[in-house]
Amino acid sequence: MDQERVELAYTPTGEDFREAIAVQTRRTVAGWLPRVAPSAVAAFTAFGLAAKLADGQTVVSDAVALAALVALVVFTPRLQAMLAQRRAARRGGEYRAVVDGSGVSVTDGSGIRTLSWTAGPRFAETRNLFVVLNRSGSCLLVLPKRGTSAPDALRALLTRHATPIGRPANSGTAAAGR
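Source: prediction; values computed, not measured. (Residues numbered from 1 in each chain as written. Predicted model: local features only at pLDDT ≥ 70, side-chain atom pairs only at ≥ 80, totals over all residues. Heavy atoms only, no water.)

Colleague: Tell me about the pattern of salt bridges, and please be specific about residues and values.
Modeller: What the rule picks out here adds up to 9 salt bridges. The salt bridge involving Arg-113 is made with Asp-108; its shortest N-O contact spans 2.6 Å. According to the relative accessible area criterion, Arg-113 is partly exposed, its value standing at 31%. On the basis of relative accessibility, which here comes to 9%, the residue Asp-108 falls in the buried class. Between Lys-145 and Glu-125 there is a salt bridge; the shortest N-O distance is 2.6 Å. Of the two residues, Lys-145 is situated in the loop between strand S7 (139-144) and helix H4 (151-161) and Glu-125 in strand S5 (residues 122-125); the sequence distance between them amounts to 20 residues. (Salt bridge = Lys/Arg side-chain N within 4 Å of Asp/Glu carboxyl O. Buried < 20%, exposed > 50% of the residue type's maximum accessible area, 1.4 Å probe, protein only. Helix = DSSP H or I, 4+ residues; strand = E, 2+ residues; numbered from the N terminus.)

Colleague: Provide a residue-level description of the sheet that holds strand S4 (residues 111-116), including the pertinent values.
Modeller: To summarise the sheet geometry, strands pair through backbone hydrogen bonds and adopt either a parallel or an antiparallel arrangement. On the basis of which strands lie adjacent, the open sheet formed by 4 strands has the order S1-S2-S3-S4 and antiparallel pairing. The open sheet has two free edges, formed respectively by strand S1 (5-10) and S4, since each of these has just one partner strand. Adjacent strand axes in the sheet meet at a mean angle of 15 degrees, parallel and antiparallel pairs treated alike. (Pairing = 2+ DSSP bridges. Axes fitted to C-alpha atoms, helices over the stretch in contact; angles between N-to-C directions.)

Colleague: How would you sum up the environment of Leu-157? Please name residues and give values.
Modeller: Its location among the elements puts Leu-157 in helix H4. It is 7.8 Å that separates the C-alpha atoms of Leu-157 and Val-99, two residues lying 58 residues apart in sequence. With residues up to four places along the chain from it excluded, the contact list for Leu-157 reads Gln-3, Glu-4, Arg-5, Val-6, Val-99 and Asp-100. (Contact = heavy atoms within 4.5 Å.)

Colleague: Which residues make up H4, and what values do they have?
Modeller: Turning to H4, its buried residues are Ala-153, Leu-154, Arg-155, Ala-156, Leu-157 and Leu-158. Looking at the packing, one finds that the buried side of H4 touches S1, strand S2 (95-100), S5 and strand S6 (129-133).

Colleague: Go over the confidence of the model for the protein chain, please, and point to the residues and values.
Modeller: Of the residues in the protein chain, 79% have a pLDDT of 70 or more, and the chain-wide mean is 79. Counting contacts from residues 169-178, a segment whose pLDDT is below 50, to residues more than four positions away or on other chains yields 21 contacts. (pLDDT = per-residue confidence, 0-100.)

Colleague: Give me the nonpolar core: which residues, what numbers.
Modeller: With 21 residues, the main nonpolar core has Leu-8, Val-99, Leu-143 and Leu-158 as its most contacted residues. When residues of this core are traced back to their parent elements, those giving at least two are S1, S2, strand S3 (103-108), S6, S7 and H4. Among the elements that line this core, the one with the most residues is H4, at 4 residues. Ignoring anything within four residues of it in the chain, the contact list for Val-99 reads Glu-4, Arg-5, Val-6, Leu-8, Val-104, Trp-117, Leu-143, Leu-154, Leu-157 and Leu-158. Core analysis: the next-biggest nonpolar cluster, separate from the first, contains 9 residues, Phe-17, Val-23, Ala-124 and Val-131 among them. (Core = buried A, V, L, I, M, F, W, Y, C linked by side-chain atoms within 4.5 Å.)

This is the structure:
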């Protein structure tokens, strides 16, 4: 199935954005670094707190700082996804995307945005999504597989024009598309 144009129609969900943020976090430095830095600080704070407790010193401010850092590490991806979903909802309910040889055009309630393959030269595939990334690994675009009746054609088109990163996570049809 070799198509040079695939159309999608979908309404972005919070789960779409959580999955896209997880891809960015796991597979790119742009996503990995902001998650590791607070985790490292939380670990050092935990060691410092443990050392103080071992010496018989109890410092509430250290425990509060540790709890805040752990909350930051745990809840930041969910907060990012929630904010992205709210922005998408403000732009307009249903999205229509056209993926072709020149790039991706997305139409929503706010207008049309076009992304060339030069701007989004990489992509990752998950079980439910294709996530288009820029060179540094930041997520530029989320294309849910449920938005098209031809996910294999979309995968083939993306593979022709962008570089896949990582392996598909249980995509089910990944082997058939290549």
